[in-house]
Amino acid sequence: MTAVIQIKGLYKTYQKHFWMPRQTVLKGLNLEVEAGQIFGFLGPNGAGKTTTIKTLMGIIRPSAGRALLFGKDPWDIEPKQRIGFLPESPYFYDYLTGLEFLVFCGRLFNISSVVLKSRIQELLALVNLSYAADLQMRKYSKGMLQRIGLAQALINDPQLVVLDEPLTGLDPLGRKEFKDIILNLKARGKTVFFSSHILPDAEMVCDAVAIINKGKLLQVGNLADLLNARIKAIELNCRNIPEETAGKMKSRSLSSNTINGQWQFNLKAEADISGAIDLVKAAGGDIISVIPQKESLEEYFSREVAGDA
Amino acid sequence: MRKIRAIAYNTFTEGIRSKTLYALLIYIMLILFSVTALVPLTLGEHSRILRDFGLSGIEFLSVMLAIVIGTTLVYKEVEKRTIYVIASKPVERFEFLLGKYLGMELLLGLVIFLMAVIFTLGVLFLDGKFTFILLLPVTMIFVKVSVINIIALFFSSLSSPVLGAVFTFCFYLAGTLSRDILRLVQRLSEGPLKIILKIFYYLLPNMGNMDLKNQAVYDTAVLWPQVWWALSYSGAYILAMLMITSLIFEKKDFK
Ligand SMILES: Nc1ncnc2c1ncn2[C@@H]1O[C@H](COP(=O)(O)OP(=O)(O)OP(=O)(O)O)[C@@H](O)[C@H]1O
Ligand SMILES: [Mg+2]
């Protein structure tokens, strides 16, 4: 399967004024995104996420290297038939109503009026904005702009959806709705590439993530692989064990605590699990649960970025 | 074609719903009222004055509109980042420019049409009759403004709206005086200044020939060859400028 997004040795330099030194924002970025994935594009403020996405969308040109969509230059219009894009803190024509704006976007794809009409109704319902369809967008709130922005990104039923911080500006319900939409896109075989600062949410939906910092790739991979590589501890919960067994368990654990006769032991490694279970059972205790304590994406991210400082 | 039409229609909608347009229209009304208030004072000459003032007013205000709105058209899309939506959709940059240009033409056409209606009513009121040949100078104003419009688009895709407006206005003034510049060039002795001025003369839109106001004011016969020449000249000028602008635009980063 060919990659939907390919970024090869991408550089971008900016020069604010001709007398000022050039600032290198992207420094040889490499990245591939396979079809059918939900791909999280993470990095601290100013890391170069938006710059990368703008290069992918054909809004700016690379200074060196390439960014390809479906193996094609985003400066051509052909690959753009199959993509949808939601910009960062979107701002649209404020003199148009939401409905007029979606009609405008549909026309840019030559979608026939009949198809467009029904698709717009579906999309407005999907992003919960049917009630504001005839309101001028100057009267939209931040979250409403985000919603209409997602609707316009899906107007052409795209194969690849690129979202720059889709979750910011949304209330908790909105975030849940957007995550469901993203998961549903994946279920329909689409690829979703999005940048985000809301890591718990990203962790919930992403198949794979890339972390960039200062214009360079720090880490990329399947989310499960990245996080499982560092199991912090294995939490074993049990009940009905005598003092003596508890003492033995403590000596095998990193830490422990007890609430209302229920014990929690944090074991160091997977190898310790069966021994611990045997011990509890031999003493007539009940095992309640065994939970591996993975690092959260947030912790992983902080560690990676701090390590790069 | 539908994409260009969508962009043109959107640009037109923006103009129609903008406050700038209405501010300018109110301004027009005020001027027309003060002119009609002046008319009774100059007995006998009033029809001629109305034609003179009316046509100059239509030209001045539509040129102002073309400059004020025209130089901000593309800039605003880039500045407010609304262009991100269009840039990420299957639209050639040339189609975007053409759509913007045509939308602005539509707006200018509508405004000139409205002013022409008011002008016609004024002439009808004062003269008791109206000859349709009076609308020819109005049409030529539209042609002239179409040229200004493309110049505004060109400069605004090169620089900021303010600089663009200043340059466009200079081009307009110099273009109106293009015959005098030619005369000056002919009088100069050979030298670098003559060459520079000559190049400048050829770059300028030659708008002297697009002016039919005197014929309308003094009821002289229309010189049709002049009209045809002005039309084809403007067409060629607009096409050439459109091509140059889209060449520049093709390479541009939208920030
Ligand atoms: N048009 C521009 N001109 C000059 N510098 C720019 C421009 N756009 C971005 N930069 C610089 O590029 C760097 C990366 O910016 P970018 O917007 O890509 O970051 P980001 O990862 O999207 O950050 P955030 O999470 O805050 O959105 C920043 O240092 C910024 O100052
Ligand atoms: Mg960003």
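Residues numbered from 1 in each chain as written. Chains lettered and ligands numbered in written order. Predicted model: local features only at pLDDT ≥ 70, side-chain atom pairs only at ≥ 80, totals over all residues. Heavy atoms only, no water.

Q: Help me understand helix H8 (residues 243-252) of chain A, please; the structure alone is not making it clear to me.
A: The α-helix advances 3.6 residues per turn, and as a result positions three or four apart in sequence lie on the same side. Residues and elements named next belong to chain A. Inspection of H8 places Thr245, Ala246 and Met249 among the buried residues, and these make up the whole buried set. Seen along its axis, H8 keeps its buried residues to an arc of 100 degrees; they face one direction. Those residues of H8 that are exposed and aimed more than 90 degrees away from the buried face are Glu243, Glu244 and Ser251. Residues of H8 that are buried make contact with strand E10 (231-239), strand E11 (253-259), strand E12 (262-267) and helix H9 (273-282). (Buried < 20%, exposed > 50% of the residue type's maximum accessible area, 1.4 Å probe, protein only. Helix = DSSP H or I, 4+ residues; strand = E, 2+ residues; numbered from the N terminus. Arc of directions from axis to C-beta. Contact = heavy atoms within 4.5 Å.)

Q: Mind showing me how you'd approach the sheet that holds E10 of chain A here?
A: All names here are of chain A. What the four strands build is an open sheet, ordered E11-E12-E10-E13; its pairing is antiparallel. Each of the sheet's edge strands pairs with one partner strand only, and the pair in question is E11 and strand E13 (286-294). Recorded for the sheet is a direction-independent mean angle of 15 degrees between the axes of neighbouring strands. Taken together, the six bridges between E11 and E12 define a ladder with antiparallel strand orientation. Residue pairing in the sheet places asparagine 257 in a bridge with glutamine 264 of E12. (Pairing = 2+ DSSP bridges. Axes fitted to C-alpha atoms, helices over the stretch in contact; angles between N-to-C directions.)

Q: What's the story with the side chain of glutamate 95 of chain B in this structure? I'm lost.
A: All names here are of chain B. Residue placement: glutamate 95 occurs in helix H6 (residues 93-127). No salt bridge is formed by the buried glutamate 95, whose closest oppositely charged neighbour, lysine 3, lies at an N-O distance of 4.7 Å. Look past the residues within four positions of glutamate 95 in its chain and what remains in contact with it is Lys3, Ile4, Ile7 and Pro90. (Lys, Arg positive; Asp, Glu negative; His and termini not counted. Salt bridge = Lys/Arg side-chain N within 4 Å of Asp/Glu carboxyl O.)

Q: Whenever I open this one, the coordination of the magnesium ion (ligand 2) confuses me. Can you help?
A: Perfect tetrahedral coordination of a metal by four donors corresponds to 109.5 degrees between them, and perfect octahedral coordination by six donors corresponds to 90 or 180 degrees. Residue and element names in this part refer to chain A. At the metal site, the magnesium ion (ligand 2) is ligated by Thr50 (OG1) and Glu88 (OE), and these contacts range over 1.9 to 2.5 Å. Placement of threonine 50 in helix H1 (residues 49-56) and of glutamate 88 in the loop between strand E5 (83-86) and helix H2 (98-107) is noted, with a sequence separation of 38 residues between them. For glutamate 88, a relative accessible area of 26% corresponds to the partly exposed category. (Donors = N, O, S within 2.8 Å, 3.2 Å for Na, K, Ca; no water.)

Q: I keep staring at the side chain of aspartate 94 of chain A and nothing clicks. Help me out?
A: Mapped onto the fold, aspartate 94 of chain A is located in the loop between E5 and H2. Side-chain polar atoms of aspartate 94 of chain A contact the side chain of tyrosine 91 of chain A, separated by 2.7 Å. (Polar contact = N/O pair within 3.5 Å; in protein donor to acceptor, adjacent residues only side chain to side chain.)

Q: It is not clear to me how the pattern of salt bridges should be interpreted in this structure. Could you clarify?
A: A pair can form between side chains of opposite charge whenever their charged atoms are brought close. Residue and element names in this part refer to chain A. For the structure shown, the criterion picks out 19 salt bridges over all chains. Between arginine 82 and glutamate 78 there is a salt bridge, and its shortest N-O distance comes to 4.0 Å. Overall, the relative accessible area of 29% leaves arginine 82 in the partly exposed class. One salt bridge in this structure joins glutamate 177 and arginine 147, with 2.8 Å as the shortest N-O distance. In this pair, glutamate 177 is assigned in helix H5 (residues 172-187) and arginine 147 in helix H4 (residues 142-153), connecting sequence segments 30 residues apart. Under the relative-accessibility criterion, arginine 147 is labelled buried at 10%.

Q: Whenever I open this one, the interface of chain A and chain B confuses me. Can you help?
A: One widely used convention gives an interface's size as the accessible area the parts lose upon coming together. The partner chain B presents 28 residues to the 36 residues of chain A that form the contact. Regarding the contact of chain A and chain B, the summed buried area is about 3000 Å², with carbon and sulfur atoms giving 55% of it. Scanning the region where chain A abuts chain B turns up two salt bridges. Lysine 12 of chain A is paired through a salt bridge with aspartate 253 of chain B; the nearest N and O atoms lie 2.5 Å apart. Connecting chain A to chain B are 14 residue pairs in polar contact (both at pLDDT 80 or more). Those elements that place two or more of their residues in the side of chain A that touches chain B are strand E1 (3-14), E5 and H2 of chain A. If you tally residues by element for the side of chain A that touches chain B, the top one is H2 of chain A, at five residues. Its residues assigned to classes, the side of chain A that touches chain B comprises 20 nonpolar, eight polar and eight charged. (Buried area = accessible area lost by both parts, 1.4 Å probe. Nonpolar A, V, L, I, M, F, W, Y, C, P; charged D, E, K, R; others polar.)

Q: Can you walk me through unusual backbone geometry in this structure?
A: The general pattern is negative phi for most residues beyond glycine and trans for most peptide bonds. All names here are of chain A. Unusually for a residue other than glycine, asparagine 128 sits at a positive phi of about 60 degrees. By the secondary structure assignment, asparagine 128 is in the loop between helix H3 (113-126) and H4. Of the residues examined, asparagine 128 reaches a relative accessible area of 41% and is grouped as partly exposed. One non-glycine residue, aspartate 157, lies in positive phi territory at about 45 degrees.

Q: Any chance you could explain the site of ligand 1 here in plain terms?
A: Close to ligand 1 lie 16 residues, the nearest being Lys49, Thr50, Thr51, Glu88 and His197 of chain A. The residues that come close to ligand 1 belong to more than one chain, namely chains A and B. Alanine 47 of chain A is positioned with one of its backbone polar atoms (N or O) 3.2 Å from an oxygen atom of ligand 1. Within the backbone of glycine 48 of chain A, an N or O atom sits 2.9 Å from an oxygen atom of ligand 1. For ligand 1, the protein covers 73% of the area, taking 630 Å² as the surface of the free molecule. (Near = heavy atom within 4 Å. Areas by Shrake-Rupley, 256 points an atom, 1.4 Å probe, with all protein chains shown as cover.)

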